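Given next are the chains, with one letter for each unit.
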Amino acid sequence: MSPTEGVPRGVIPAHLLKGQKALVTGANSGIGKATAIGLGRAGADVVVNYVAGKEEAEKVVEEITSFGVRAAAYEADVSQEDQVVAMTDRMVREFGTIDILVANAGLQRDAPFEEMTLAQWQKVLDVNLTGQFLCAREATKEFLRRGVVPEVSRAAGKIICMSSVHQIIPWAGHANYASSKGGVHMLMTTLAQELAPKKIRVNAIAPGAIKTPINKDAWETAEAREDLLRLIPYDRIGDPEDIAYAAVALASDLMDYVVGTTLYVDGGMTLFPGFATGG
């Protein structure tokens, strides 16, 4: 049984993000889905972005609206500038503004390095890194246009970049993915430095091993799960809700003095457990 299964809704205070408008990219499944639902449960109106899987996105919208807030599903490929611009403009028209961006959309195209094609390399960089750049840029324009609304939030806007433990842990066979997440880290810290004086908070979440469809092979069987747990000192694989809780906290005024920080939600994976007994 999942450690978060059956947890009452009250774990996330329904007023924490009341009145705020959030955009979550790649929100029709996995981490993005849990995050969008978590933000809605905390009182935010939520735009659920997807590039494929319209039916799943609409189910997420249905769950979010059950909390008494607004939600809508927007189709857009975050790697395409015109689609990101159109999505953000539509959100401002239909929801009034944007207060929170969770740049979550990402993918993998794995291959041994000597066999990795330029198309595999470029696709991952386009979605995982350029996609975050485009979404953050358009959200920032709206944050600056509107400014701080004190009764809504102490910040003009909040950007949460979804990174990975592989922004610092090398990952053989995944050179494109690890490189994209290393880029996300530097993009996040640079934006945080540049935008903090404008009352825009930029931070990141770096998930470790989380039970999502993208990595099902790593946890579905008992043997795979045992191998994976050797890398996790806390001795459990994470759930998407673990990331959602972190995102809600980072987006709230509870974390108003947190700027340019990566929150590792990884059960200790970045503690390099192989060295626990001296290596």
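No experiment lies behind these values; they were computed from the predicted model shown.

Participant: A description of the overall build of the protein chain should follow, citing residues and the corresponding values.
Facilitator: What the protein chain contains, in helices and strands, is seven helices and seven strands. Sequence-ordered secondary structure for the protein chain, helices as α and strands as β, is β-α-β-α-β-α-β-α-β-α-β-α-α-β. Taken against the 2.2 N^0.38 rule, which gives 19 Å for 279 residues, the C-alpha radius of gyration of the protein chain at 18 Å falls within 12% of a compact globule. Taken across its 279 residues, the protein chain has 51% of its residues classed as buried. Pairs at least 24 apart in sequence give 74% of the contacts found in the protein chain among residues at least 6 apart. With an accessible surface of roughly 13,200 Å², the protein chain has 55% of that area assigned to carbon and sulfur atoms. Each charge class in the protein chain can be summarised by its mean position, and for the 27 positive and 34 negative side chains these summaries are 7 Å apart.

Participant: Describe the environment of Asp235, naming the residues involved and giving the relevant values.
Facilitator: Topologically, Asp235 is positioned in the loop between helix 6 (222-229) and helix 7 (240-251). For Asp235 and Leu134, which are 101 residues apart along the polypeptide, the C-alpha to C-alpha distance reads 37 Å.

Participant: An account of the side chain of Ser153 is requested, with residue identities and associated values reported.
Facilitator: Mapped onto the elements, Ser153 comes out in the loop between helix 4 (118-146) and strand 5 (157-162). A relative accessible area of 2% places Ser153 in the buried class. Within the structure, Ser153 has its side chain in polar contact with the side chain of Lys158 (distance 3.2 Å). Look past the residues within four positions of Ser153 in its chain and what remains in contact with it is Gln20, Val148, Lys158 and Asp253.

Participant: Now, about the packing of helix 1 (residues 30-41) against helix 7: what can you tell me, with residues and values included?
Facilitator: With their axes 8 Å apart at the nearest point, helix 1 and helix 7 run at an angle of 45° to one another. On the basis of their axis angle, the class for helix 1 and helix 7 is oblique. For the pair helix 1 and helix 7, the sense of crossing is right-handed. Residue-level inspection shows Gly30, Ile31, Ala34, Thr35, Gly38 and Leu39 of helix 1 in contact with helix 7, the latter providing Pro240, Glu241, Ile243, Ala244, Ala247, Val248 and Ala251.

Thresholds applied
- Residues numbered from 1 in each chain as written.
- Predicted model: local features only at pLDDT ≥ 70, side-chain atom pairs only at ≥ 80, totals over all residues.
- Heavy atoms only, no water.
- Helix = DSSP H or I, 4+ residues; strand = E, 2+ residues; numbered from the N terminus.
- Rg over C-alpha atoms; globule rule 2.2 N^0.38 Å.
- Buried < 20%, exposed > 50% of the residue type's maximum accessible area, 1.4 Å probe, protein only.
- Contact = heavy atoms within 4.5 Å.
- Areas by Shrake-Rupley, 256 points an atom, 1.4 Å probe, with all protein chains shown as cover.
- Lys, Arg positive; Asp, Glu negative; His and termini not counted.
- Charge placed at Lys NZ, Arg CZ, Asp CG, Glu CD.
- Polar contact = N/O pair within 3.5 Å; in protein donor to acceptor, adjacent residues only side chain to side chain.
- Axes fitted to C-alpha atoms, helices over the stretch in contact; angles between N-to-C directions.
- Parallel < 35°, antiparallel > 145°, perpendicular 65-115°, else oblique.
- Left-handed = near helix turned anticlockwise from the far one by under 90°.

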